[in-house]
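# Chains, contacts and geometry: an overview
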Amino acid sequence: MMILVLFSFPLTASAHTLANTGRIYGQLQDGTKRSAPVARQSVTLQMAQGQNASDLTTVTTDAHGMFSFSGLNTDKTISYAVYTLYQKAQYFTGLISLSDKPEQQVNLKVYDATSSVSNIAIVQANVLIDKTDAQHGLLNVTESFVFENLGLTTYVGSLQANGQKPNALRFSLPPSARQLSLKVGFDGYNAIQVDPGFASDAVVPPGMSQFAFSFHVPYSASHYDFAYTAVYPTVDLSVLTPLDYRASSGTLTSQGTVNVNQQTYQQLAAKQLLAGAQVHVELDGLPAPTNGTSASQANQNPPWFIAIVAVMLAIVIATWILYIRMQRRSSARRKQVAKAEQSTQEEQESLLQALLELDKAYEAGTIKKAEYQERRATMKARLRVLISAESGEKKASSASSKKTASSGGKAKS
C-alpha cells in the first residue's frame, strides 16, 4: 500500500507536465520605428476552446520588448492568441495551436497612433443587397470594405464629439436603416450613431484592413431608391443585387453577373469616387410587403474576435474573392489599352500600389531613409496633383450640368 501511494504522486505530476508543456514567446515591436522593441508594455494571452474564449494571463515586456507564456496546454482543441492595447489601438496575433509544435515564437507588431486620415483610402467597397424579407417589408444589406493605410502610423479616432461629428472612422447608412449588426473589424471597439450613419473608434493600421456590417431598410412598394455615400476616397465600388430585381444607376455601370457565397448577383460598379460622392441605385420589381415593417432597434454589441472566427472568416473570404476578381478585371482592361496613353485613374492606382511597396521596402530596411523620404514625397505630391485635377474636372462638369439644367427647365434629381 505504501509503495503504491509513493508512486502515485510522481505519475500524477508527470501527466500534468506532459499536458502543460507549451510555451509562446516573442517580441513586441514598433513598426513605425522600424520594428524597435517596445519595453514595459502589457501583453495578454487569450485561450479559445470551442465557442469559449477567455484571457489567461498578462505579462509586461522586458527592456528588450520580450514576453513569454509557459506551462500551456497543448491539446489540439485549444488555440491561443496574444494581444495588446497600444496607444488606444488593439493589436493581436493570429490563432496559435501548440498541438504539433509545443514551443513557438510569435512576434507582435504595433504602430504609433495618429488622428489624421490623410493616408487612408478604400480600395474596395462592396454593397450586397440581398433578397427582401417581404413578410416584414425589409431589404437585407451587407456592406464590406477593404481599407488601405499608406502611412506608417495607425489611424486612431475618438468618439468625443464636442457638438460636432467625431474624428473617428465613419460609415454611411440610408436614413431609414435599422438593426445594424457590426461584424469584421469592429471587435472590442465602440460605435455611436451619427448623421448619416455611424462612427466607431475602430482603428486602421498600416496596410490592408477589412470591415463589414449589415443592416435592414424598410420598403413599401415595388420600387426603392437605395442611397450610398462614399465617406472616404474609394478606388472601386461594387453593388450586388439579386437577379430577380431590376437595378439601374446613373453613376454605376453594369458589370454582368458575379458569384458570391454560391449565389449569383448582378453587379454594378464605379471607380475613383471622391469623398462625399453620392450614389443611387434604383431597384424595381420588389415583392409587395405582406405585413408592416419591423420596428426593432439597432444591435451594436460587437463580440470579441476569437469567439466569432468562423463568421469573420466567411465574410473576409467573400470580400477578398470579390476584390481579387475586380483587380483581375482591371488588369485585363489595362492590357487591352497598353498602347494607349495611360489614364489619370490608372496612374492613381499605380501610385497607391507603388507607395505601399515603398513602405514595405523601407520597413524591411532595403532602402535608406533619405531615399525613402525623397521618393515617398515625390509620389504623394504627384498623387495630390492627380486627385486635385480630377476633382477640378468633376466640379467643372457639375457646374456645366447645373447651368444647362437651369437654362432648360427643372432638372430631375
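Within every chain, residues take consecutive numbers counted from 1 along the sequence as written. Only residues with pLDDT of at least 70 get local features here, since the model is predicted, and only at 80 or more are side-chain atom pairs given and counted; chain-wide, interface and lining totals rely on the full set of residues. The side-chain numbers reported here are obtained from all heavy atoms of the structure, hydrogens and water having been left aside.

### Looking at the overall build of the protein chain
Note the cut-off: Helix numbers and strand numbers start at the N terminus; a helix is a DSSP run of H or I with at least 4 residues, a strand a run of E with at least 2. When accessible area is computed with a 1.4 Å probe and restricted to protein chains, residues below 20% of their type maximum are described as buried, those above 50% as exposed, and intermediate ones as partly exposed. For this analysis, residues touch if any pair of their heavy atoms sits within 4.5 Å. Accessible surface is estimated by sampling points in the Shrake-Rupley manner with a 1.4 Å probe; for residues, cover comes only from the protein chains shown.
In terms of helices and strands, the protein chain carries four helices and 24 strands. The burial tally for the protein chain puts 42% of its 413 residues in the buried class. Here the analysis covers contacts within the protein chain between residues at least 6 apart in sequence; of these, 74% occur between residues at least 24 apart. When the accessible surface of the protein chain is summed, it comes to about 22,000 Å², and 53% of that surface belongs to carbon and sulfur atoms.

### Section: the side chain of Q266
Quick note on the threshold: Pairs of N or O atoms are called polar contacts if they sit within 3.5 Å, as long as, within protein, a hydrogen donor faces a hydrogen acceptor (for residues adjacent in sequence, only side-chain-to-side-chain pairs).
Summarising the element assignment, Q266 is placed in strand 23 (residues 263-273). Within the local environment of Q266, its side chain forms a polar contact with the backbone oxygen of P242, the two atoms lying 2.8 Å apart. When near neighbours in sequence (up to four residues on either side) are disregarded, Q266 contacts V239, L240, T241, P242, L243, Y245, R246, A247, G256 and T257.

### A few points about the sheet that holds strand 20 (residues 234-242)
Two modes of strand pairing occur in sheets, parallel and antiparallel, and in both the strands are linked by backbone hydrogen bonds. For the record, the criterion: Should DSSP find at least two bridges between two strands, the strands are taken to pair. In this description, a line fitted to the C-alpha atoms serves as the axis of each element, helices being fitted only across the stretch in contact, and the angle between N-to-C directions of two axes falls anywhere from 0 to 180 degrees.
In space, the seven strands of this open sheet follow the order 15-18-12-11-20-23-22, with mixed pairing throughout. Of all the strands in the sheet, just strand 15 (178-182) and strand 22 (253-260) have a single pairing partner and so form its edges. Neighbour to neighbour, the strand axes of the sheet diverge by 20° on average, direction disregarded. Two elements, strand 12 (residues 138-149) and strand 18 (residues 207-218), share twelve bridges in a ladder whose sense is antiparallel.

### Section: the confidence of the model for the protein chain
Formally: Along the chain, pLDDT gives the predictor's confidence residue by residue, from 0 to 100.
Per-residue confidence for the protein chain averages 82 on the pLDDT scale, and 75% of its residues sit at or above 70. Ranking the elements of the protein chain by mean pLDDT puts helix 1 (residues 2-19) last with 47 and strand 2 (residues 36-37) first with 98. Across residues 1-17, where pLDDT falls below 50, the model places zero contacts with residues more than four positions away in sequence or in other chains.

### Examining the nonpolar core
Operational definition: As used here, the term nonpolar core means buried Ala, Val, Leu, Ile, Met, Phe, Trp, Tyr and Cys residues forming a set that is joined through side-chain atoms within 4.5 Å.
Counting residues in hydrophobic clusters, the biggest one holds 68 residues, and the most contacted among them are F147 and F213. Take this core: its biggest share by element is five residues, from strand 11 (residues 120-129). Contacts of F147, omitting those with residues within four sequence positions, involve I120, A121, I122, L169, F171, V204, G207, M208, S209, F211 and Y232. Core analysis: the next-biggest nonpolar cluster, separate from the first, contains 15 residues, V123, L352, L356 and L358 among them.

### So, the environment of E143
Summarising the element assignment, E143 is placed in strand 12. In this structure E143 comes out as buried when scored by relative accessible area, which is 1%. A sequence separation of 15 residues divides E143 from L128, and the C-alpha atoms of the two residues are 6.2 Å apart. Contact partners of E143, with chain neighbours within four places excluded, come to N126, V127, S172, F211, A212, F213, F215, F226 and Y228.

### A closer look at the pairing of strand 3 (residues 42-49)
Across the eight residues that make up strand 3, a large majority, six, are buried. As defined by bridge partners, strand 3 adjoins strand 4 (residues 52-60) across eight bridges and the pair is classed as antiparallel. Pairing of M47 across the sheet is with S54, part of strand 4. Where strand 3 hands over to strand 4, the hairpin turn is made up of two residues, of which G50 adopts a positive phi near 65°. Relative to strand 6 (residues 78-86), strand 3 runs antiparallel, the two sharing six bridges. Within strand 6, the position partnered with L45 by the bridge is V82.

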